[in-house]
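Overview (structure and organization)
Each chain, written out:
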Amino acid sequence: MGEAITVSALNLYIKQMMDGDTVLSSVLVRGEISNYKVYPSGHHYFSLKDAEGSIRCVMFRREAVGLRFRPEQGMKVIAEGRVTVFPRDGQYQLYCNRMIPDGIGDLHLAFEQCKAKLEREGLFDPRHKKPLPAYPEKIALVTSPAGAAVRDMIRILGARYPLCQVLVVPVRVQGAEAPSEIAGAIDAINRNRAADLIITGRGGGSLEDLWAFNEELVARAIHRSEIPVISAVGHEPDVTIADYVADLRAATPSNAAELAVPDSEDLRRRLRHLETRMAAGLTRDLREGRRVLDRAKASPWLRAPLPVIQESRQLLDYRQDQLVHVVEKLLLRERTRLGKQAAALDALSPLKVLGRGYAIVRKAEGEIVLSTRQVDVEEALTVRLNEGELICRVERKEP
Amino acid sequence: MAEKKMTFEASIRRLEEIVGTLERGDRSLEDALALFEEGTKLMKQCSTLLDKAEQKVLKVTQQADGTLKESEFYPPEGE
């Protein structure tokens, strides 16, 4: 014998084994209800059994409120959930999150299985939903070319928005060939970029009649489509897998046609509204322009330019007077200053000294004589007096 | 459809743009008048498109080579 482990370790090991199993993480089980009990907590406890076996089940309150029927002892149901171990008592059980009554046929089961599978893959995720074109130019109707559905859609599209071209892509909408034809048509329209919106659907019918729109093939083609798809299957209560995958679900083909295009009448109203707004904008601009113009016209320059010119002329004259006045004042000041300078200069003049009895003695060549050493006896000298000059000869030098 | 005109969508979007600009009133009067003229033209174009439009319905079938062939579609009879 090897190493012994604890009970809780074993239970944990089993739990991890089961939690890692992809089948057990989401299964659909068909069985009969027994021992159904609702606890005050709101959790439901029961068992599902068939002729040979039984499994314990729990449905927590959060999921149980979504039940659309009241489960009872002995009722045949299809339950969806995951199987795992409750470690406290080592019991494995089905943690049920959805349950529907069985006995409505295999189609229902297939529907639920396909839906659960695609949902798990994220095909219904709202982030895959593409916005529809506001003003489609070409709509492809992937539907039966006969029957009321196509006729209704063409009529409504034509009445609401005749600008839009309608392309009927004839397919069978029931029978074994239908799913591949519908999927093929959607793919072909995408490949050829033949339309900017696709409506696929058919008129109402039994679950069997609508079955093509529950096929995985169709769901995947819708999911794959880069062109937005509106599903339009049957009458109101029928919800198909196609409805879950489509970018928009319409209750009926007629409803799809209404959702697909804007209504011309609304558009005409909108155009009129735009026209009013546009005119109002321009009127305001024109009024503003007129006001600027009026203001300009009110200016005296434009109304009576002569007085303005005269006024300016007067101002000019005044300024001219001022200028002359200033210049004259300036001249006078300078002249006075000059007079004063001349008088000062005059006082310094050597001729003034001669007036007081002094004389200037020069040699013949003009050199002023300041010392006896400069002259020789018998040399002629010029003596400048206050009035006139004397030419003299030197008789003798005395030191 | 001899000449390739703007689609209805492009026209109405441009029209909305023009209305928005005129409502903001931040353009010169010359620009505003030019826009108004363009807008009026688009308005007429859109109205004409709506008034004159005749629904076109075609049948489209897949060819063996995967291309699509367009042909006349005759709607089913019925009331």
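To be clear, the structure that these remarks concern was listed above.
In this report, the structure presented in the accompanying data block is examined. (Residues numbered from 1 in each chain as written. Chains lettered and ligands numbered in written order. Predicted model: local features only at pLDDT ≥ 70, side-chain atom pairs only at ≥ 80, totals over all residues. Heavy atoms only, no water.)

Next up on the list: the state of the cysteines. All names here are of chain A. Tallied over the full model, the rule gives zero disulfides over all chains. The structure places no disulfide on Cys 96, whose sulfur is separated from the nearest cysteine sulfur, that of Cys 57, by 6.4 Å. In this structure Cys 96 comes out as buried when scored by relative accessible area, which is 2%. (Disulfide = S-S within 2.5 Å. Buried < 20%, exposed > 50% of the residue type's maximum accessible area, 1.4 Å probe, protein only.)

Taken in spatial order, the seven strands of this open sheet run β10(A)-β9(A)-β8(A)-β6(A)-β7(A)-β1(B)-β2(B), and their pairing is mixed. Pairing within the sheet leaves two strands with one partner each, and these edge strands are β10 (248–250) of chain A together with β2 (68–72) of chain B. Neighbour-to-neighbour, the strand axes of this sheet turn through a mean angle of 25°, independent of strand direction. Examined bridge by bridge, strand β7 (residues 165–170) of chain A and strand β1 (residues 57–62) of chain B share three bridges and lie parallel to one another. Bridging from a neighbouring strand, A:Leu167 pairs with B:Leu58 of β1(B). Across the sheet, helix α5 (residues 148–160) of chain A is in contact with β6 (138–143), β7 and β8 (197–202) of chain A together with β1 of chain B; its angle to β6(A) comes to roughly 165°. (Pairing = 2+ DSSP bridges. Helix = DSSP H or I, 4+ residues; strand = E, 2+ residues; numbered from the N terminus. Axes fitted to C-alpha atoms, helices over the stretch in contact; angles between N-to-C directions. Contact = heavy atoms within 4.5 Å.)

Packed helix pairs are specified by the crossing angle of their axes together with the interaxial distance, meaning the distance between the axes. Where helix α10 (residues 264–298) of chain A contacts helix α1 (residues 8–24) of chain B, the axes come no closer than 8 Å and their chain directions differ by 30°. Considered as vectors, α10(A) and α1(B) are oriented roughly parallel to each other. The two elements α10(A) and α1(B) meet at a crossing, and its hand is left-handed. In this structure, α10(A) uses A:Leu267, A:Arg270, A:Leu271, A:Leu274, A:Arg277, A:Met278, A:Gly281, A:Arg284 and A:Asp285 to contact α1(B), whose residues at the interface are B:Phe8, B:Ile12, B:Leu15, B:Glu16, B:Ile18, B:Val19, B:Leu22, B:Glu23 and B:Arg24. (Parallel < 35°, antiparallel > 145°, perpendicular 65-115°, else oblique. Left-handed = near helix turned anticlockwise from the far one by under 90°.)

In this section: the layout of surface pockets. All names here are of chain A. Considering only enclosed or pocket space, the second largest pocket measures out at about 470 Å³ in volume. Considering the residues around the second largest pocket, the lining is formed by 23 residues, among which Arg 68, Ile 100, His 108, Phe 111 and Glu 112 are closest to the centre. Those elements giving two or more residues to the lining of the second largest pocket turn out to be β5 (91–101) and α4 (106–121). Of all the elements, β5 adds the most residues to the lining of the second largest pocket, at five residues. Split by domain, the lining of the second largest pocket shows at least three residues from each of two domains, domain 1 (7–103) and domain 2 (124–262). (1 Å grid on protein atoms, 1.4 Å probe; cavity = no way out; pocket = protein on both sides within 12 Å on 5 of 7 lines; lining within 4 Å. Points joined across faces, edges and corners; volume = space filled by probe spheres on them. Domains from an automatic or database assignment.)

Here we take up the sheet that holds strand β11 (residues 360–362) of chain A. Residues and elements named next belong to chain A. The three strands are arranged β11-β12-β13 in an open sheet whose pairing can be described as antiparallel. Edge positions in the open sheet fall to β11 and β13 (389–393), since each of these has one partner strand only. Looking at each pair of strands side by side, their axes are set apart by 25° on average, direction ignored. As defined by bridge partners, β11 adjoins strand β12 (residues 380–384) across three bridges and the pair is classed as antiparallel. Across the sheet, the residue bridging to Val 361 is Val 383, located in β12.

This next bit is on the pairing of strand β9 (residues 229–233) of chain A. Residue and element names in this part refer to chain A. Most of β9 is tucked away, with five of its five residues classed as buried. In β9, alternate side chains face the same way, and those of Val 229, Ser 231 and Val 233 on one face and Ile 230 and Ala 232 on the other are all buried. Where β8 and β9 come together, five bridges link them in parallel fashion. Pairing of Arg 202 across the sheet is with Val 233, part of β9. Handedness of the β8-helix α7 (residues 216–224)-β9 crossover: right-handed. With three bridges joining them, β9 and β10 adopt parallel strand pairing. (Right-handed = clockwise from strand over helix to strand, strands pointing away.)

Turning our eyes to something else, we now look at unusual backbone geometry. Residues other than glycine predominantly adopt negative phi, and peptide bonds predominantly adopt the trans conformation. Residues and elements named next belong to chain A. In this model, Asn 35 sits at a positive phi of 55°, which is unusual for a non-glycine residue. By the secondary structure assignment, Asn 35 is in strand β1 (residues 27–38). A positive phi angle, near 80°, is found at Glu 378, a position not held by glycine. Tracing the sequence through the fold places Glu 378 in the loop between β11 and β12.

All right, on to empty space enclosed by the protein then. All names here are of chain A. Taken as a whole and assessed by the stated rule, the structure comprises one cavity of 30 Å³ or more. Looking at the largest cavity, its volume works out to about 40 Å³. What lines the largest cavity is Leu 28, Ile 78, Ala 79, Glu 80, Arg 98, Met 99, Ile 100 and Glu 112. Counting only elements with at least two residues in the lining of the largest cavity, the list comes to β4 (76–86) and β5. Split by residue class, the lining of the largest cavity holds five nonpolar, no polar and three charged. (Nonpolar A, V, L, I, M, F, W, Y, C, P; charged D, E, K, R; others polar.)

To describe a pair of aromatic rings, one takes the distance between the centres and the angle between the planes. Tallied over the full model, the rule gives six aromatic pairs over all chains. When the ring of A:Phe60 is compared with that of A:Tyr95, the centres are 5.9 Å apart and the planes differ by 45°; the resulting orientation is tilted. Note that A:Phe60 is positioned in the loop between β3 (54–59) and α3 (61–64) and A:Tyr95 in strand β5, a separation of 35 residues in sequence. An aromatic cluster is built from A:Tyr135, A:Tyr161 and B:Phe8, whose rings are joined through pairwise contacts. Over the ring of A:Tyr95 we find A:Arg82; its NZ or CZ atom is 5.1 Å from the centre of that ring. (Phe/Tyr/Trp six-rings, centres within 6.5 Å; stacked < 30°, edge-to-face > 60°. Lys NZ or Arg CZ within 6 Å of the ring centre and 35° of its normal.)

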